Amino acid sequence: MKSFGAKPYLYPMPTYMIGTYNEDDSVDVMMMAWGGICAEDMVALNLEEDHKTVANLKARKAFTLSVPGTDTLVESDFFGIASGNRVPGKFALSGLHAVKSEKVDAPIVTEYPLTLECEVVEMQEQPYGLRVLGKIVDVLADEKVLDEKGKIDVTKLHAFAFDQMKNGYYALGEQVGTAWRSGTPLMKKASEQK
């Protein structure tokens, strides 16, 4: 095996979109990869303190966390490139649309198929950056990503993951197994050895 040293090389890295409001009530969206679910109804975001999004989180105590689809890859990547501190009106430049959440003081980008509405619970200043803990208040899914039973079908999200090693984006979606079932043959083998 080849050693690469201490690098953040884990795959897949998520591509999540953090939606907040600026002080003038305009929409700010930032792409982030370092974070995710940390409890049944909680998310954790690991951010650098100097982001415009962090100032908005401190002021509004709310955000949305969305999963973008490949149809919005260009706009979503732009939200990761353009800093809200240096590019005022970056959301308007994207051509995407937003509505105000009915549950939290944050915007919902209507083109994103899956959105978690969250309240800031805690902000932890750590040596490695700022950790924001958010409580999930509600989950919204576009009708186009629901199956015939009304459940979210991840294959319809057309989500994409980030590759930290080569800075690529890769489409996700093909089901290759079933959680808590694919490993049952080995569980049977393990129980036979007892």
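Since this is a predicted model, take the numbers as computed values, not measurements. (Residues numbered from 1 in each chain as written. Predicted model: local features only at pLDDT ≥ 70, side-chain atom pairs only at ≥ 80, totals over all residues. Heavy atoms only, no water.)

## Regarding the nonpolar core
Defined as follows: Only buried residues count toward a nonpolar core, which is a set of Ala, Val, Leu, Ile, Met, Phe, Trp, Tyr and Cys residues joined through side-chain atoms within 4.5 Å. When a residue's accessible area, from a 1.4 Å probe over protein chains only, is under 20% of the maximum for its type it is buried; when over 50% it is exposed; and in between it is partly exposed. To qualify as a helix, a DSSP run of H or I must reach at least 4 residues; to qualify as a strand, a run of E must reach at least 2; elements of each kind are numbered from the N terminus.
Core analysis: the biggest nonpolar cluster contains 16 residues, and I18, V43, L45, L47, F63, L65 and V132 have the highest contact counts within it. Only strand 2 (27-32), strand 4 (42-47), helix 1 (52-60), strand 5 (62-67), strand 8 (114-126) and strand 9 (129-141) provide two or more residues apiece to this core. Judged by nonpolar contacts, the second largest core, of 11 residues, contains M17, F79, L96 and Y112.

## Regarding the sheet that holds strand 9
Adjacent strands of a sheet pair through backbone hydrogen bonds, lying either parallel or antiparallel. Put simply, the test is: Being paired, for any two strands, means DSSP has found at least two bridges between them. Note on geometry: axes are lines fitted to C-alpha atoms, helical ones only across the stretch in contact, with angles between N-to-C directions running from 0 to 180 degrees.
On the basis of which strands lie adjacent, the open sheet formed by 7 strands has the order 2-1-5-8-9-4-3 and antiparallel pairing. A strand with exactly one partner marks an edge of an open sheet, and here the two such strands are strand 2 and strand 3 (35-39). Across this sheet, the average inter-strand angle for adjacent strands is 35°, counted without regard to direction. Strand direction decides the pairing type here: strand 4 and strand 9, joined by 6 bridges, are antiparallel. Bridging across to strand 9, L45 finds its partner in V132.

## Thoughts on the side chain of S66
Spelled out, the test is: Here a polar contact means two N or O atoms within 3.5 Å. Within protein one must be a hydrogen donor candidate and the other an acceptor candidate, and residues neighboring in sequence count only if both atoms are side-chain atoms. A contact between two residues is defined here by any heavy atoms of the two lying within 4.5 Å.
Inspection of the secondary structure assignment puts S66 in strand 5. For S66, a relative accessible area of 2% gives the class buried. A polar atom in the side chain of S66 sits 2.9 Å from the side chain of T115. In this view, S66 contacts T15, Y16, M17, Y112, L114 and T115; residues no more than four positions away in its chain are not counted.

## Regarding the environment of R131
Among the structural elements, R131 can be located in strand 9. The class for R131 is partly exposed, based on a relative accessible area of 26%. Sequence separation of R131 and K100 is 31 residues, and the distance between their C-alpha atoms is 25 Å. Residues contacting R131, with those up to four places away along its chain left out, are C38, A44, L45, N46, E122, M123, Q124 and Q126.

## Some thoughts on the side chain of N22
With respect to the element layout, N22 can be found in the loop between strand 1 (16-21) and strand 2. Reaching out from N22, the side chain makes a polar contact with the side chain of N56 at a distance of 2.9 Å. Beyond its immediate stretch of four places on either side in the chain, N22 contacts V27, D28, K52, N56 and R60.

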